[in-house]
Every structure is written in C-alpha cells, then in structure tokens.
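Reading the structure
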Amino acid sequence: MPNPQKGEQANSAIELLKSSTLFSSFNDKQLKNLAKELKEKKYNAGDLIEKEGEVSVAFYLILDGEVEVRRKSKVLTKLGRGQFFGEMSLLDKYPRSADVVATKPTTCLIMTAWQWEALVLSEPKVAIELLKTLARRLRATDKALTD
Ligand code: CMP
C-alpha cells in the first residue's frame with residue numbers, strides 16, 4: 001500500500017536537491033534517482049552528529065534545522081537548510097576535522113561514503129561545486145582568523 005508520508009518525504013528531498021547548487025546540473029530524473037538513494041535521519045537539538053577524530057562513513061545534506069561546526073568548543077560555522085557537511089574526511093580519508101552538533105531539531109539526508117565517492121567520480125560538475133564550497137569555507141575561515 002502506498003505510504004503518503006514517504007511520498008511527502010521524497011518530494012521534500014527532491015525540492016532540497018533541486019535548490020542545492022551541488023546538483024544544479026541534474027535533470028528531474030537524476031534528482032529523483034538520487035533522492036531514492038538517500039536516507040533521512042532526524043536529530044534533536046544538542047545531538048552530536050559527527051565527532052572530531054572519528055572515522056567517516058557518510059556525507060550529510062541538511063534538509064531542515066541548523067548545525068554548528070565546532071572545534072575545541074569554538075564555533076567555526078553554522079550550517080542550515082541546503083548546506084552540507086562531512087565532505088572533508090571523505091575527500092582526504094583523514095578522521096573528522098570537527099564536531100558537528102545540531103542546535104535545532106534537524107533533519108539530514110545521508111549518503112554513504114561509497115555512494116558519495118561514486119557520485120563525485122561520475123559527475124564532474126558536482127565535484128566542481130563541492131570544490132567551490134570548500135574554497136568559500138576556507139576564505140571565511142581565513143577572514144575569521146585575521147579580522
Ligand atoms: P569532516 O571533516 O568530514 O567532518 C566535520 C565537517 O565540518 C567537515 O567535514 C566539514 O564539512 C565541516 N567543517 C570543518 N571545518 C569547517 C570550516 N572551517 N568551515 C565550514 N565547515 C567546516
């Protein structure tokens with residue numbers, strides 16, 4: 001029997017993917033297929049989603065809510081709907097570089113490391129968008145260090 005709630009979840013996932021610059025090169029069919037692969041997970045405010053130093057197995061897109069990226073109790077940045085995290089250790093295979101903590105009730109779409117790697121290898125435009133975001137984050141961190 002069709003589950004209307006599941007249908008709604010899939011639609012909101014597709015809307016999010018559509019609005020994300022990461023997937024601006026994707027057509028509707030590609031977005032639908034990608035949405036089917038993603039797992040949705042909910043967190044409460046205060047939940048530690050990823051811990052600095054841990055081995056990474058996933059990439060996260062924020063569907064709703066807000067997270068803080070923290071190192072040694074310093075807040076490096078806040079991320080919200082449409083933004084992503086977890087890409088650094090998937091790229092360099094080092095442990096997680098920072099803690100990521102939900103500061104509001106938060107829902108993420110999660111991709112396994114394996115799915116993420118296959119996607120980045122097969123879609124150069126996704127890889128370029130990822131690099132652009134990394135460059136912007138590095139600029140913001142440089143600015144915060146020197147302002
Ligand atoms: P990763 O190292 O896998 O896990 C922690 C995540 O926090 C990291 O990937 C990035 O997604 C994010 N992150 C770490 N440092 C910063 C930063 N300076 N600015 C924005 N995001 C960051």
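Just above, that's the structure.
Computed from a predicted structure; not experimentally measured.

As a further point, take the overall build of the protein chain. Helix and strand counts for the protein chain come out as five helices and eight strands. Along the protein chain, helices (α) and strands (β) appear in the sequence α-α-β-β-β-β-β-β-α-β-β-α-α when read from the amino end. At 15 Å, the protein chain has a C-alpha radius of gyration in line with the 15 Å of a compact globule built from 147 residues. The buried share of the protein chain, taken over its 147 residues, is 37%. Taking the contacts inside the protein chain whose residues are at least 6 apart along the sequence as the reference set, 72% of them involve residues at least 24 apart. Split by element, the accessible area of the protein chain, about 9,300 Å² in all, is 56% carbon and sulfur.

Residues other than glycine predominantly adopt negative phi, and peptide bonds predominantly adopt the trans conformation. One non-glycine residue, Lys72, lies in positive phi territory at about 45°. Mapped onto the secondary structure, Lys72 falls in the loop between strand S4 (66–71) and strand S5 (74–80). On the basis of relative accessibility, which here comes to 66%, the residue Lys72 falls in the exposed class. A positive phi angle is found at Lys93, which is not glycine, with a value near 65°. Looking at the element boundaries, Lys93 is found in the loop between helix H3 (87–92) and strand S7 (99–102). Classification of Lys93 as exposed rests on a relative accessible area of 58%.

Attention now goes to the sheet that holds S5. An order of S2-S7-S4-S5 is seen for the four strands of this open sheet, with the pairing classed as antiparallel. A single partner strand is all that each edge strand has here, and the edge strands are strand S2 (48–50) and S5. Across the sheet, the mean angle separating the axes of adjacent strands is 30° when strand polarity is ignored. Of the pairings in the sheet, the one linking S2 to S7 comprises two bridges and is antiparallel in character. In the strand pairing of S7, Glu50 is matched with Val100.

Enumeration according to the criterion identifies four aromatic pairs in this entry. Look at Phe59 and Trp116: their rings are 5.8 Å apart centre to centre, the planes differ by 40°, and that puts the pair in the tilted class. Remark: Trp116 occurs in helix H4 (residues 113–122) and Phe59 occurs in strand S3 (residues 58–64); sequence separation between them is 57 residues. Trp116 sits in the buried class, given a relative accessible area of 4%.

What follows deals with the sheet that holds strand S8 (residues 106–112). The four strands are arranged S1-S8-S3-S6 in an open sheet whose pairing can be described as antiparallel. Across the chains shown, the open sheet's two edge strands, defined by having one partner strand only, are strand S1 (39–43) and strand S6 (84–85). As defined by bridge partners, S3 adjoins S6 across two bridges and the pair is classed as antiparallel. Opposite Tyr60, over in S6, you have Phe85 as the bridge partner. Strands S3 and S8 of the sheet are contacted by H4, whose axis makes an angle of about 70° with S8.

So, on to the site of the ligand. Neighbouring the ligand are 14 residues, the closest being Gly86, Glu87, Ser89, Arg96 and Ser97. The separation between an oxygen atom of the ligand and a polar side-chain atom of Glu87 is 2.7 Å. Take Ser89: an N or O atom from its side chain is 2.5 Å from an oxygen atom of the ligand. If the ligand stood free it would expose 450 Å²; the protein chains cover 93% of that surface.

Conventions adopted
- Residues numbered from 1 in each chain as written.
- Predicted model: local features only at pLDDT ≥ 70, side-chain atom pairs only at ≥ 80, totals over all residues.
- Heavy atoms only, no water.
- Helix = DSSP H or I, 4+ residues; strand = E, 2+ residues; numbered from the N terminus.
- Rg over C-alpha atoms; globule rule 2.2 N^0.38 Å.
- Buried < 20%, exposed > 50% of the residue type's maximum accessible area, 1.4 Å probe, protein only.
- Contact = heavy atoms within 4.5 Å.
- Areas by Shrake-Rupley, 256 points an atom, 1.4 Å probe, with all protein chains shown as cover.
- Pairing = 2+ DSSP bridges.
- Axes fitted to C-alpha atoms, helices over the stretch in contact; angles between N-to-C directions.
- Phe/Tyr/Trp six-rings, centres within 6.5 Å; stacked < 30°, edge-to-face > 60°.
- Near = heavy atom within 4 Å.
- Polar contact = N/O pair within 3.5 Å; in protein donor to acceptor, adjacent residues only side chain to side chain.

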